[in-house]
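Structural features, examined
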Amino acid sequence: MSKQAQPSYPIHELLAKRWSPYWYDERPVKAEDLRSIFEAARWAASSYNEQPWRFIVATKDQPEQYAKVLSVLVEANQAWAQRAPVLVLGVIGRNFERNGKPNKAAEHDLGLAAASLTLEATARGLHVHQMIGLDPEKGRSVFGVPAGFEVLTALAIGYAADPAQAPEALRGRDTAPRGRKPLSEIVFGGTWGQVSSAVK
Ligand SMILES: Cc1cc2nc3c(=O)[nH]c(=O)nc-3n(C[C@H](O)[C@H](O)[C@H](O)COP(=O)(O)O)c2cc1C
């Protein structure tokens with residue numbers, strides 16, 4: 001069973017291989033892989049090169065730190081994410097450091113950093129499952145996140161395991177086919193809703 005994307009046009013194999021598992025192997029992630037994953041995030045583009053992203057990381061061999069990150073997730077995400085060897089909180093700075101003005105691109109740019117991180121992880125045989133289901137205020141109090149910063153997302157990182165070994169509820173999710181809107185619904189030309197000739 002492969003969760004590999006079935007693209008309509010050729011795409012890079014790293015993009016095709018990426019997917020978000022629910023059932024993780026408990027094998028730890030090597031320290032050198034983790035460093036490179038965050039280095040990849042560091043080199044993402046950002047509006048005015050503000051680099052509004054921050055990450056709070058916990059590995060299973062730091063049980064207290066790991067439990068703190070896990071406690072920030074909503075229960076539905078805790079249920080499966082607790083098998084991942086690495087949990088990360090994605091945090092944004094809401095305002096520009098240079099002038100204190102609101103950074104409208106902060107969420108977007110955390111997404112770019114997460115995408116870079118995810119592709120670096122994929123290249124290393126790892127998987128990343130991002131989450132929005134968490135309690136930002138709990139994240140703030142548990143980790144002392146200062147005003148102006150906000151816990152926005154979480155990421156589970158590790159090796160996808162054989163879903164045949166997963167409990168019924170999770171097995172279905174990891175074996176379900178992957179779907180995407182067709183290009184004709186998302187790439188427009190002359191007017192809204194009119195398919196661009198670029199993708200015909
Ligand atoms: C920003 C973001 C937030 C997400 N939040 C959750 C979440 O809270 N819980 C969850 O189970 N999956 C979450 N997902 C995973 C998506 O459901 C998943 O990426 C989507 O179904 C596409 O599947 P794929 O990543 O395997 O291609 C999130 C993904 C992203 C990018």
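Residues numbered from 1 in each chain as written. Predicted model: local features only at pLDDT ≥ 70, side-chain atom pairs only at ≥ 80, totals over all residues. Heavy atoms only, no water.

**A word on the site of the ligand**
For clarity, the cut-off: One heavy atom suffices: a residue is near a molecule or strand as soon as one of its heavy atoms comes within 4 Å of it. Any pair of N or O atoms that falls within 3.5 Å is considered a polar contact. Within protein, one atom must be able to donate a hydrogen and the other to accept it, and sequence-neighbouring residues count only if both atoms are side-chain atoms. Methods summary: accessible areas were calculated by the Shrake-Rupley approach with a probe of 1.4 Å, and residue burial reflects only the protein chains presented. Secondary structure counts use DSSP, requiring at least four H or I residues in a row for a helix and at least two E residues in a row for a strand, with both numbered from the N terminus. Only Asp, Glu, Lys and Arg are considered charged in this grouping, and only Ala, Val, Leu, Ile, Met, Phe, Trp, Tyr, Cys and Pro are considered nonpolar; every other residue, Gly among them, is considered polar.
Near the ligand you find 13 residues, and of these Ser-20, Tyr-22, Ile-132, Arg-178 and Arg-180 are the closest. Between the ligand and Gly-133 there is a distance of 3.0 Å, counted from an oxygen atom to a backbone nitrogen or oxygen. Taken by itself the ligand offers 620 Å² of open surface, and the protein chains cover 62% of this. Of all elements in the fold, only helix 4 (75–81) and strand 3 (127–131) reach the threshold of two or more residues within the shell around the ligand. No other element matches strand 3, which puts three residues into the shell around the ligand. Of the residues that constitute the shell around the ligand, the class distribution is five nonpolar, five polar and three charged.

**What to know about the nonpolar core**
Rules: Each nonpolar core is a collection of buried residues, namely Ala, Val, Leu, Ile, Met, Phe, Trp, Tyr and Cys, held together in the definition by side-chain atoms within 4.5 Å. Throughout this description, buried means an accessible area under 20% of the type-specific maximum (1.4 Å probe, protein chains only), exposed means over 50%, and partly exposed covers the range between. Any two residues whose heavy atoms approach within 4.5 Å are treated as being in contact.
Counting 24 residues, the largest nonpolar core has Leu-73, Trp-80, Leu-87, Leu-89, Met-131, Leu-134 and Ala-156 as its most contacted members. Every element with two or more residues in this core is listed here: strand 1 (53–59), helix 3 (63–72), helix 4, strand 2 (86–93) and strand 4 (149–158). Contact partners of Leu-134, with chain neighbours within four places excluded, come to Val-72, Leu-73, Val-74, Leu-89, Val-151, Leu-152, Thr-153 and Ala-154. Ala-41, Ala-44, Val-88 and Ile-92 belong to the second-largest nonpolar core, a separate cluster that totals 22 residues.

**Focus on the side chain of Thr-59**
By the secondary structure assignment, Thr-59 is in strand 1. Thr-59 sits in the buried class, given a relative accessible area of 16%. Within the structure, Thr-59 has its side chain in polar contact with the side chain of Asp-61 (distance 2.4 Å). Apart from residues lying up to four places away in sequence, Thr-59 is in contact with Leu-34, Tyr-66, Pro-85 and Val-86.

**Brief notes about the pairing of strand 3**
Test applied: Here, any two strands with at least 2 DSSP bridges between them count as paired.
The element strand 3 is largely enclosed, with a buried count of four among its five residues. In terms of strand pairing, strand 3 meets strand 4 through five bridges, oriented antiparallel. By the bridge assignment for strand 4, Gln-130 is matched with Leu-155.

**Structural notes on the packing of aromatic side chains**
Stated precisely, the cut-off is as follows: Each pair of aromatic rings taken from Phe, Tyr and Trp, with Trp reduced to its six-membered ring, is defined by centres within 6.5 Å and is described as stacked if the planes are under 30 degrees apart, edge-to-face if over 60, and tilted in the remaining cases. As a reminder, the over-ring test applies to NZ of lysine and CZ of arginine, requiring each to be within 6 Å of the ring centre and within 35 degrees of the ring normal.
The final tally for this structure, using the stated rule, is four aromatic pairs. Centre to centre, the rings of Tyr-22 and Trp-80 are 5.0 Å apart; their planes meet at 75°, and the pair counts as edge-to-face. Of this pair, Tyr-22 sits in the loop between helix 1 (13–17) and helix 2 (31–42) while Trp-80 sits in helix 4, and the two are 58 residues apart along the sequence. Judged by centre distance (5.5 Å) and plane angle (55°), the ring pair of Phe-38 and Phe-55 falls under tilted. Taken together, the residues span a long stretch of sequence, with Phe-38 in helix 2 and Phe-55 in strand 1 at a distance of 17 residues. In this structure Phe-38 comes out as buried when scored by relative accessible area, which is 18%. Phe-55 sits in the partly exposed class, given a relative accessible area of 22%. It is Arg-83 that lies over the ring of Trp-23; its NZ or CZ is 3.6 Å from the centre.

**Remarks on helix 6 (residues 136–143)**
Between the side-chain oxygen of the N-cap and the backbone nitrogen of Glu-137 there are 3.1 Å, and the N-cap of helix 6 in question is Asp-135. Looking one or two residues past helix 6, Gly-144 carries a phi angle of roughly 65°, positive in sign.

**Section: the pattern of salt bridges**
We apply this condition: For salt bridges, the criterion is a side-chain nitrogen of Lys or Arg within 4 Å of an Asp or Glu carboxyl oxygen.
Summed over all chains, the structure comprises 11 salt bridges. In this structure, Glu-150 engages Arg-94 in a salt bridge whose closest nitrogen and oxygen atoms are separated by 2.9 Å. On the criterion of sequence distance, the pair formed by Glu-150 in strand 4 and Arg-94 in the loop between strand 2 and helix 5 (106–123) is long-range, its members being 56 residues apart. Given the relative accessible area of 28%, Arg-94 is considered partly exposed. Among the salt bridges present, the one from Arg-171 reaches Glu-168, with a minimum N-O distance of 3.7 Å. One end of the pair is Arg-171 and the other is Glu-168, both in helix 7 (residues 168–175) and three residues apart, which spans about a single turn. The exposure class assigned to Glu-168 is exposed, which follows from its relative accessible area of 60%.

Such coordinate-based values are descriptive only and should not be taken to indicate function.
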